[in-house]
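Report on the structure
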Amino acid sequence: MRDILSRITKWWEADETFGLATVVRTYRSAPRDPGAALAVSSCADHEVIGSVSGGCVEGAVYELSLDVCQTGSPVLQTYGVSDDDAFAVGLTCGGIIDIFVERIDKDSFPSLGDIAAAVERGEPVAVATVIAGPGQIGARRVIWARDGEAGPDEVEGLGRDGWHVGASGTLGSGPRLDAAVDDDVRGMLAQGLTGIRRYGAQGERRGDELSVFVNSFAPAPRMLVFGAIDFAAAVARVGKFLGYQVTVCDARKVFATASRFPDADEVVVDWPHRFLAATDVDARTVICVLTHDPKFDVPLLEVALRTPAGYIGAMGSRRTHDDRLARLREVGLTPDELSRLRSPIGLDLGARTPEETAVSIAAELIQLRWGGTGSPLTATEGRIHHQLTS
């Protein structure tokens, strides 16, 4: 829903009513991931924004959204390939998707404006909605973490890294369900995960009859690119395309300029290892070391390999890699720490140019993110879209 959030917030601010259809679960080769959304205005023009299937079932979801706008009753609808009727509504890719459709206006979703503002500020926030089971279908709870104080209707505490964490609204089945969902959602926010969690009717952990969809709006993961060279410009460009917040860092002021890296969110002039040691790094952070100069990359990798970063890659030849490992062993890095290093960086695509090398790095990031084999799809069998393993 992040892609259409600013548009639907304008509808909401104008007191418009609209239908919101959200992908909540997928099976096999579904075209869109959970969280993908389509909105239909109830105004005379019935404007449509967003997508839930890349075109396969948009027409049917459009009609259902208009119906829900009229009735006000949320619907959980499954769409999939039909073996009996080739003209039935279905996904030609062979996948199956569950879509939750609800009516949105200021009365039913009073916190939408606050959510949009939190996303704009880069603060983690998630929306938990009951979509099936014995509970109150459509009941919604907002879980957030931010630097400010709690609002008058928000339950608050102090979370990790000094963030104020809290929640507002209720899922309608009592405080045990709210508390169980709060705990799970904060873990999902830390990992940037969106999906369904199941509970008993009163929030029992061993139950599964009540389904809650959690839509996480975590800040963009960071990509830290070290080395102000032409390869770094290409990596920054593809990193931004993939949704990362990109920082380029180099100790050489003459090379580390915003004009040379227009796609980066920030360009920092500092010694790489010093900058990294003072920077927040989490499990979603990507570190690309493109300096291939021992005086820069050895002290930098000594710091990097002791962070929780999810990906640490370094550019260089096989000979450079062997020399780099030897130097890192000399400064005390363990075999387990060294095993985290992706070097030479990227997948074996035969890349030569900066742009091709950036694509090979992006390919490795995507492979690690989703658990792909890195092999041509024509040489593999089974499902194409891998499930997230975290």
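Let us look at the structure shown here. Within each chain, residue numbers correspond to sequence positions counted from 1 in written order. Residues qualify for local features only when their pLDDT is at least 70, as the model is predicted, and side-chain atom pairs are given and counted only at 80 or more; totals for whole chains, interfaces and linings, by contrast, use all residues. Here the side-chain values reflect all heavy atoms present in the structure, with hydrogen atoms and water set aside.

**As for the pattern of salt bridges**
Here the idea is simple: oppositely charged side chains can pair when their charged atoms come close. Any Lys or Arg side-chain nitrogen found within 4 Å of a carboxyl oxygen on Asp or Glu counts as a salt bridge. Counted by the stated rule, this structure contains 21 salt bridges. Put simply, glutamate 123 and arginine 121 hold a salt bridge, and the shortest N to O gap is 3.0 Å. Glutamate 123 gets classed as buried once you look at its relative accessible area, which sits at 10%. Ionic pairing is found between arginine 237 and glutamate 355, a salt bridge with its closest N-O pair at 3.6 Å. Here glutamate 355 lies in helix 10 (residues 354-370) and arginine 237 lies in helix 5 (residues 230-241), a separation of 118 residues in the sequence. A relative accessible area of 44% places glutamate 355 in the partly exposed class. One connected set of salt bridges, linked through shared partners, spans Arg141, Asp178 and Asp182. Think of it in three bands: residues with accessible area under 20% of the maximum for their type are buried, residues over 50% are exposed, and the middle band is partly exposed, with areas taken using a 1.4 Å probe on protein chains only. The way it works is that DSSP assigns letters per residue, a run of H or I at least four long becomes a helix, a run of E at least two long becomes a strand, and they are numbered from the N terminus.

**Quick look at the packing of helix 1 (residues 5-13) against helix 3 (residues 112-121)**
To obtain each axis, a line is fitted to C-alpha atoms, and for helices this fit is confined to the stretch in contact; angles are then taken between N-to-C directions over 0 to 180 degrees. Direction vectors running N to C along helix 1 and helix 3 enclose 150°, while the axes themselves pass 10 Å from each other. Crossing geometry of helix 1 relative to helix 3 is assigned as left-handed. Residue-level inspection shows Leu5, Ile8, Thr9 and Trp12 of helix 1 in contact with helix 3, the latter providing Leu112, Gly113, Ala116 and Val119. In the contact of helix 1 with helix 3, the residues fall into six nonpolar, two polar and no charged. Here a crossing is taken to be left-handed if its near helix is turned anticlockwise relative to the far helix by less than a right angle, and right-handed if that turn runs clockwise. Here, residues are in contact when the closest pair of their heavy atoms is within 4.5 Å. For this classification, the nonpolar set comprises Ala, Val, Leu, Ile, Met, Phe, Trp, Tyr, Cys and Pro, the charged set comprises Asp, Glu, Lys and Arg, and every other residue, Gly included, is treated as polar.

**Some details on the sheet that holds strand 14 (residues 266-269)**
The pairing criterion is simple: DSSP has to find at least two bridges between the two strands. A sheet is described by the order of its strands in space; here six strands give the open sequence 14-13-12-15-16-17, paired in parallel fashion. Two strands close off the open sheet at either side, each with one partner strand: strand 14 and strand 17 (341-342). By the bridge criterion, four bridges tie strand 15 (residues 286-289) to strand 16 (residues 311-314) in an arrangement that is parallel. Bridging across to strand 16, valine 289 finds its partner in alanine 314. Seen against the sheet, helix 10 touches strand 12 (222-226), strand 15, strand 16 and strand 17 and runs at an angle of roughly 155° to strand 16.

**A short note on the nonpolar core**
Take the buried Ala, Val, Leu, Ile, Met, Phe, Trp, Tyr and Cys residues and link them wherever side-chain atoms come within 4.5 Å; each set so joined is a nonpolar core. Counting residues in each nonpolar core, the largest one holds 26 residues, and the members touching the most others are Met223, Val225, Val235, Val246, Cys288 and Leu290. Contributions of two or more residues to this core are made by strand 12, helix 5, strand 13 (245-250), strand 15 and helix 10. In terms of residue count, helix 5 provides more of this core than any other element does, seven residues in total. Excluding its chain neighbours within four sequence positions, the residues that come into contact with valine 225 are Ala232, Val235, Val246, Thr247, Val248, Cys249, Cys288 and Leu290. The next biggest cluster of nonpolar side chains, apart from the first, holds 23 residues, and it includes Leu5, Trp11, Leu112 and Ala118.

**Some words on unusual backbone geometry**
With an omega of -5°, the peptide bond running from serine 343 to proline 344 counts as cis. Secondary-structure assignment places proline 344 in the loop between strand 17 and helix 10. The backbone of aspartate 15 sits at a positive phi, close to 65°, despite the residue not being glycine. Its place among the elements puts aspartate 15 in the loop between helix 1 and strand 1 (18-27).

**Concerning empty space enclosed by the protein**
A 1.4 Å probe that fits but cannot get out identifies a cavity on a 1 Å grid over protein atoms alone, an open set with protein on both sides within 12 Å along at least five of seven lines counts as a pocket, and a residue lines either if it has an atom within 4 Å of a point. Grid points are joined across faces, edges and corners, and a volume is the space filled by probe spheres set on the points. Scanning the entire structure with this criterion turns up one cavity of 30 Å³ or more. Taken together, 14 residues form the lining of the largest cavity, with Thr22, Glu102, Thr129, Phe213 and Asn215 sitting closest to its centre. Among the secondary structure elements, those contributing two or more residues to the lining of the largest cavity are strand 1, strand 5 (96-104), strand 6 (125-132) and strand 11 (210-217). Considering only residue class, the lining of the largest cavity consists of nine nonpolar, three polar and two charged.

**Considering the side chain of serine 173**
Examined against the element boundaries, serine 173 turns out to sit in the loop between strand 9 (164-169) and helix 4 (175-191). You can call serine 173 buried: its relative accessible area is 13%. Residues in contact with serine 173, not counting those within four places in the same chain, are Gly135, Ala201, Gln202 and Leu210.

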